[in-house]
4 protein chains.
Amino acid sequence: MINICLFGAGLIGSVHAGNLARHAKVKLRYVVDPRPDAAQRIAALTGAEIVDTDTALGDAEISAVVIASATKTHAQIAMQAATSGKAIFCEKPIDLDIGRTDACLDVIKKTGAIFQIGFNRRFDPSFRALKRRIEAQEIGSVEQVIITSRDPEPETEEALASGGGVFREMTIHDFDMARHMLGEEPTELFATGSSLVSPAYAKLSDFDTAMFILRTASGRQCHINNSVRASYGYDQRVEVHGSKGMLKAGNRTPTSVELSDARAISRDKPLFFFVERYAESYAAELDHFVECVDGKRNPHVGADDGRKAMILCETALASVKSGRLEPVRY
Amino acid sequence: MINICLFGAGLIGSVHAGNLARHAKVKLRYVVDPRPDAAQRIAALTGAEIVDTDTALGDAEISAVVIASATKTHAQIAMQAATSGKAIFCEKPIDLDIGRTDACLDVIKKTGAIFQIGFNRRFDPSFRALKRRIEAQEIGSVEQVIITSRDPEPETEEALASGGGVFREMTIHDFDMARHMLGEEPTELFATGSSLVSPAYAKLSDFDTAMFILRTASGRQCHINNSVRASYGYDQRVEVHGSKGMLKAGNRTPTSVELSDARAISRDKPLFFFVERYAESYAAELDHFVECVDGKRNPHVGADDGRKAMILCETALASVKSGRLEPVRY
Amino acid sequence: MINICLFGAGLIGSVHAGNLARHAKVKLRYVVDPRPDAAQRIAALTGAEIVDTDTALGDAEISAVVIASATKTHAQIAMQAATSGKAIFCEKPIDLDIGRTDACLDVIKKTGAIFQIGFNRRFDPSFRALKRRIEAQEIGSVEQVIITSRDPEPETEEALASGGGVFREMTIHDFDMARHMLGEEPTELFATGSSLVSPAYAKLSDFDTAMFILRTASGRQCHINNSVRASYGYDQRVEVHGSKGMLKAGNRTPTSVELSDARAISRDKPLFFFVERYAESYAAELDHFVECVDGKRNPHVGADDGRKAMILCETALASVKSGRLEPVRY
Amino acid sequence: MINICLFGAGLIGSVHAGNLARHAKVKLRYVVDPRPDAAQRIAALTGAEIVDTDTALGDAEISAVVIASATKTHAQIAMQAATSGKAIFCEKPIDLDIGRTDACLDVIKKTGAIFQIGFNRRFDPSFRALKRRIEAQEIGSVEQVIITSRDPEPETEEALASGGGVFREMTIHDFDMARHMLGEEPTELFATGSSLVSPAYAKLSDFDTAMFILRTASGRQCHINNSVRASYGYDQRVEVHGSKGMLKAGNRTPTSVELSDARAISRDKPLFFFVERYAESYAAELDHFVECVDGKRNPHVGADDGRKAMILCETALASVKSGRLEPVRY
């Protein structure tokens, strides 16, 4: 049995708690959250004990932590956990500041801690199959990647105020997917943003509608389009064009029911948002993490992936300002 | 906590065991199976204790049983469980013999036992949504139902020899679906069978390829087509035509990946067989059963549904012989 | 230039007139119709001259006739045309009476006239491709055929009164498709009909909703479902199951536009009715006929196909009455 | 009858010739082409007479010209036709040089000649329906447009050498579609190109793989992706995201046939190239032109549309060089 402590009992923390509680090899031993109600809810559902950080990390029987707390606490908890000899699963981003990110990565490197970053989409069954089939040469050499990534609805103003902006909160997942699917490191990036959906974004000098083009050294290209609102639900599609064909993966719907009537032929909208759409990928990324803690493999997606996606966010912000294709300085 | 005993540790028993083990309100207390290996496997996975029938049914803390044992044992275990005051979830059919089925139903009626039959397809998210949308009058009055139901591969000769024939083993699910979707009781039935796939079926005077037409008193019609082999996987589709439109529900695929290449545009085959295709419905039917045991509702699909589907099987066998549209005598 | 005379200037006559007028090798020389307005409309569009039957058939420069007049006139015109040495394209059915059909076929046989029956669906690009791919062994040996054939709306009472009933007017096309796709002659047939859509059909002891099962000598099976009303448009689908897979062909839509909004993902309904849905097949069957007149090939679908489909209609009527699987007596 | 002269008897000239020959209100009177074979082929098919430019434009009975000759001759013929009082349908581009384009537009303006540019895609039934449904407010206010436009195979080296480069030959259609679907004029443009498919493009300092982002003054965004090779055929898709939903239109396939076998579920690739894919739009744009010549309406897509798309090409070339989001100077 692998004893795990969960940091953060919010929405994504609850998703992880559910997956940990159902895992045959895991005991969710502790939950840490400054909000007693949230912690209590998870404790009730899973039997985890509510403790503070020091107790959790001081317990030698805890071999791993899952960090799903507020973004600004990620790096600090991760460093303390690494120093305490724990394996770390950390939600993205490591930190909104690249300096603190690097400081955290130094500690992880020095301690040799197992570290997996929460880029869950890599574990989505469809995107995983797509990647595997690229590697199996079904479409030859990759040439262009098109990523459509649209949230169903804007964030609350409160969430916006405490967040790191759309690029660092939302596009970061797409940047990771771009790196993953391109099969080469993006070396240049162009970004542009608009305020078309909600004035709340513009108020924070942020964008609710954005487009990106990334290039690799060999000339591979990737386009990303983002919007914070899609009336039809969470729109998450990837299309990869290669020398011998195209692979694409799309949305998931609750049912396969189709209605034909006097108006149209209509079927279900995509699943509403990430909790539903990526349910399988959240479970699979923790399965993978448990295998890593168990010594069976190394994390497929580690600290360096978190850092590089963050640098792409920074480059995008620079490109919006300069109006230029900016070099990516990893 | 509801203490449950599982009878039968075979393929379908294992599916139920997994769903019971994950259920927050259930403790899978006992498993009963004459085959020690099979029982042991489930015991190891779930922590259930291996006992014999009398011990299980004699334990007053057991409030419910799940019967997934060999078909010929269903009725006997169900009657004994009913007499012992247990709620019963029973795989279909209750018995291959209609006389023994009726005897069992008598006991259930007299004891007032909660009884749910394992017509899992009614709990499939897509078929359930389809039914709900019929009831919401999205297609007006039902006129015709088309059921496509094709297994991926023939049964082994061993399974065939011990089974009740294709109609009672396979079509029985479609007959239940027909009753469910027609919204009226079928009163007449025509059936025809062929031997096109495997001589093993013909050897037993059975059919591997069959078609059916059912009629209700008001003239609604239902077609079912069956084959024991579909190279592309388990083919499970329902199409309901009404006065204002058509609703259909189809197969599920492992991923949404689509490949476009010089040959074609191709996507995943349907999931292989019932364990994968109906994973959600197996979980949902047990959730429903637990709610019934918990006193929150009555089973949506009960002993009488098991009996009526069985009578449709008998009518189908009679029709094949007579070459006639046979009246259904419930 | 092949000079052709068109008999019948109604809806389907107009479709043929348009295709003849656009054909590079054809001159639509005459149109014959007792209704001056209808004849005039086609004359104006195509430059054809309005004449009577004797003039048309007496003109030695006319080498072929296209018969799209009232059903009861088909056989008489066909016989006279055959005797006059013309090639004949005749809308189905040859006659509603099997005796008169046989009399007409005798004349055609004796004169050796080229004769093509208007089973246009065989020329539909999708059904044609499906058939070709069956013959290319893509699905191995054919086992079951499922034909969905639903008109968008009931006939007018006037049309019903003068017609031959739903089986002879509508299902006849499906019977031809069944023979075509089964690849073996149906030898037994079961039919059942209901009155669910419009009382006008029942008034004529006819059915507006019907289902059929056909069997061949080797045990291949075919299901047909019919309704005279589909709110979503003309529903014309064929599904062929074989030992190695399944081929299906479906409806055509006016555009590929798909709308995703807060309600659903919706796309176009099928094209409304046969004129739109089978536009390409009407053109292709006349192209084929012209090639036959030109001596390049023999009609793929001839008088015998018309006769056999008609016999299946008669067998279906007998089966509805007897409630039995009836032998087909060709 | 409207007498028309066709300039250019190549591939696209033949498409126009076919559509003109079938048009009820048109007589294709003349064909002009310096290549006797090509001209002869069209003359044989349509009955057009082969003449030289001066004869054609000097004939007072000719009221319109269709210019499908070599690009470098477009402007000269258009100006001479305008001065001769003819209505003009001209293939894009008017000229590869913006100065000569402007000179031509001056003459057209001064003479008041009817002028339609050959942006045929606006007449595609699906794209036309998509545009109409945007205007009907089905998706609210347009926010982002995604255009996928991929040719099935690279140009021959010969065609490349005589052409104006990928942006002016291929992307120009997408730029027109972008303007059309955005509903606002693009004011800024970013472009990037790579050489991944064929060295022939790089040899001419051209690109075979490109991506674009366009912005309008209000912040609407459009992405275009281009490749000169798609193994699966001509890939022509448009996706328009608005405040209330998304509309998309896709490829067309030769048939609706779908094969399910042990490998996958597969359907037809898209139609091979523009002649097949846009067959209906080529016919519809000439129908529209004839209506304009007939005085019933003004061209929906005129000289200014040709000029503006050309300016977007120039801006794209500038952006590739500068690596910047370039302002569009119309």
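As a reminder, the structure under discussion sits directly above these lines.
Our subject in this report is the structure included herewith. Because the structure is a prediction, the values reported are computed rather than measured.

Attention now goes to the relation of the copies chain A and chain B. When chain A is fitted to chain B, the best match, at an RMSD of 0.0 Å, comes from turning it 180 degrees and sliding it 0.0 Å along the axis. Taken together, the rotation and translation relating the two chain copies correspond to the operation of a two-fold axis. Considering only C-alpha atoms, the part of chain A nearest the rotation axis is Arg 22 of chain A, at 3.5 Å. A shared binding surface is used by both copies, with 100% of the interface residues of chain A retained as interface residues in chain B.

In this fold, Arg 133 of chain D is placed in helix 6 (residues 125–135). A distance of 3.0 Å separates the side chain of Arg 133 of chain D from the side chain of Glu 138 of chain D, its partner in a polar contact. Contact partners of Arg 133 of chain D, with chain neighbours within four places excluded, come to Val 257, Leu 259 and Asp 268 of chain C together with Glu 138 and Leu 247 of chain D.

This part covers the relation of the copies chain B and chain C. At an RMSD of 0.0 Å, chain B and chain C line up after a rotation of 180 degrees and a shift of 0.0 Å along the axis. Interface overlap between copies: 100% of the residues of chain B at the interface are likewise at the interface in chain C, consistent with a symmetric, same-surface contact.

All names here are of chain D. The strand order across the open sheet built from six strands is 3-2-1-4-5-6, with neighbouring strands paired in parallel fashion. Only two strands of the sheet have a single neighbouring strand rather than two, namely strand 3 (49–50) and strand 6 (115–117). Here strand 2 (residues 26–32) pairs with strand 3 via two bridges, running parallel. Opposite Val 31, over in strand 3, you have Ile 50 as the bridge partner. Of the strands in this sheet, strand 1 (2–7), strand 2, strand 4 (62–67) and strand 5 (87–90) are in contact with helix 1 (residues 11–22), which crosses strand 1 at around 165 degrees.

All names here are of chain C. By the element assignment, Gly 8 lies in the loop between strand 1 (2–7) and helix 1 (11–22). A relative accessible area of 2% means that Gly 8 is categorised as buried. Through-space distance from the C-alpha of Gly 8 to that of Ser 63 is 17 Å; in sequence the pair is 55 residues apart. Among all residues touching Gly 8, those that are not within four sequence positions of it are Gly 13, Val 32, Asp 33, Ala 68 and Ser 69.

For the rest of this paragraph, the subject is the environment of Val 290 of chain B. Residues and elements named next belong to chain B. Note that Val 290 resides in helix 11 (residues 279–293). Residues Val 290 and Ala 64, spaced 226 residues apart in sequence, show a C-alpha to C-alpha distance of 8.7 Å. Each residue touching Val 290, except ones within four places of it in the same chain, is listed here: Ile 2, His 23, Lys 25 and Val 26.

Below, the discussion takes up helix 11 (residues 279–293) of chain C. Taking 1.5 Å per residue as the helical rise, helix 11 of chain C with its 15 residues ought to reach 21 Å, and the 22 Å between its terminal C-alpha atoms agrees with that figure. Residues of helix 11 of chain C that are buried include every one of Ser 281, Tyr 282, Ala 284, Glu 285, Leu 286, His 288, Phe 289, Val 290, Cys 292 and Val 293 of chain C, and no others.

Residue and element names in this part refer to chain A. Within strand 4 (residues 62–67), five of the six residues are buried, which leaves the element mostly enclosed by the surrounding structure. With five bridges connecting them, strand 1 (residues 2–7) and strand 4 associate as parallel partners. Bridge pairing in strand 4 links Cys 5 to Val 65. One ladder, built from four bridges, connects strand 4 with strand 5 (residues 87–90); its direction is parallel. By the bridge assignment for strand 5, Ile 67 is matched with Cys 90. Handedness of the β-α-β unit built from strand 4, helix 4 (residues 71–83) and strand 5 comes out right-handed.

As a further point, take the pattern of salt bridges. For side chains of opposite charge, pairing can occur when their charged atoms come near one another. Applying the stated criterion to the full structure yields 108 salt bridges over all chains. Bridged by salt links that share partners, the residues Arg 122, Asp 176, Arg 179, Glu 185, Asp 304, Asp 305 and Lys 308 of chain A form one connected network.

Before going further, it helps to spend a moment on the interface of chain A and chain B. Tallying the contact residues gives 26 residues for chain A and 26 residues for chain B. The contact between chain A and chain B buries some 1,800 Å² in all, and 51% of this surface belongs to carbon and sulfur atoms. Ranking the residues of chain A by area buried against chain B places Ser 256, Val 257 and Leu 259 of chain A at the top, with a combined share of 28%. Where chain A meets chain B, there are eight residue pairs in polar contact (both at pLDDT 80 or more). Elements with a minimum of two residues in the side of chain A that touches chain B: helix 6 (125–135), strand 12 (245–249) and strand 13 (258–261) of chain A. Split into classes, the residues belonging to the side of chain A that touches chain B amount to 11 nonpolar, seven polar and eight charged. Judged from the four bridges that link them, strand 12 of chain A and strand 13 (residues 258–261) of chain B form a sheet pairing that is antiparallel. What sits directly across from Gly 245 of chain A, in strand 13 of chain B, is Asp 261 of chain B.

Residues and elements named next belong to chain A. Overall, the coordinates contain zero disulfides over all chains when judged by the stated rule. As a non-bridged cysteine, Cys 104 has Cys 90 as the owner of its nearest cysteine sulfur, 6.8 Å distant. Residue Cys 104 is classed as buried on the basis of its relative accessible area of 0%.

Bringing the interface of chain B and chain C into the picture now. Across the contact, 43 residues belong to chain B and 43 residues belong to chain C. Regarding the contact of chain B and chain C, the summed buried area is about 3,200 Å², with carbon and sulfur atoms giving 50% of it. Where chain B meets chain C, there are four salt bridges. Our enumeration of links across chain B and chain C arrives at 36 residue pairs in polar contact (both at pLDDT 80 or more). Residues belonging to the side of chain B that touches chain C are distributed by class as follows: 13 nonpolar, 19 polar and 11 charged.

Reading the values: the criteria
Residues numbered from 1 in each chain as written. Chains lettered and ligands numbered in written order. Predicted model: local features only at pLDDT ≥ 70, side-chain atom pairs only at ≥ 80, totals over all residues. Heavy atoms only, no water. Least-squares fit on C-alpha atoms with pLDDT ≥ 70 in both. Contact = heavy atoms within 4.5 Å. Helix = DSSP H or I, 4+ residues; strand = E, 2+ residues; numbered from the N terminus. Polar contact = N/O pair within 3.5 Å; in protein donor to acceptor, adjacent residues only side chain to side chain. Pairing = 2+ DSSP bridges. Axes fitted to C-alpha atoms, helices over the stretch in contact; angles between N-to-C directions. Buried < 20%, exposed > 50% of the residue type's maximum accessible area, 1.4 Å probe, protein only. Expected span 1.5 Å × (residues − 1). Right-handed = clockwise from strand over helix to strand, strands pointing away. Salt bridge = Lys/Arg side-chain N within 4 Å of Asp/Glu carboxyl O. Buried area = accessible area lost by both parts, 1.4 Å probe. Nonpolar A, V, L, I, M, F, W, Y, C, P; charged D, E, K, R; others polar. Disulfide = S-S within 2.5 Å.

The values are spatial; any link to function lies outside them.
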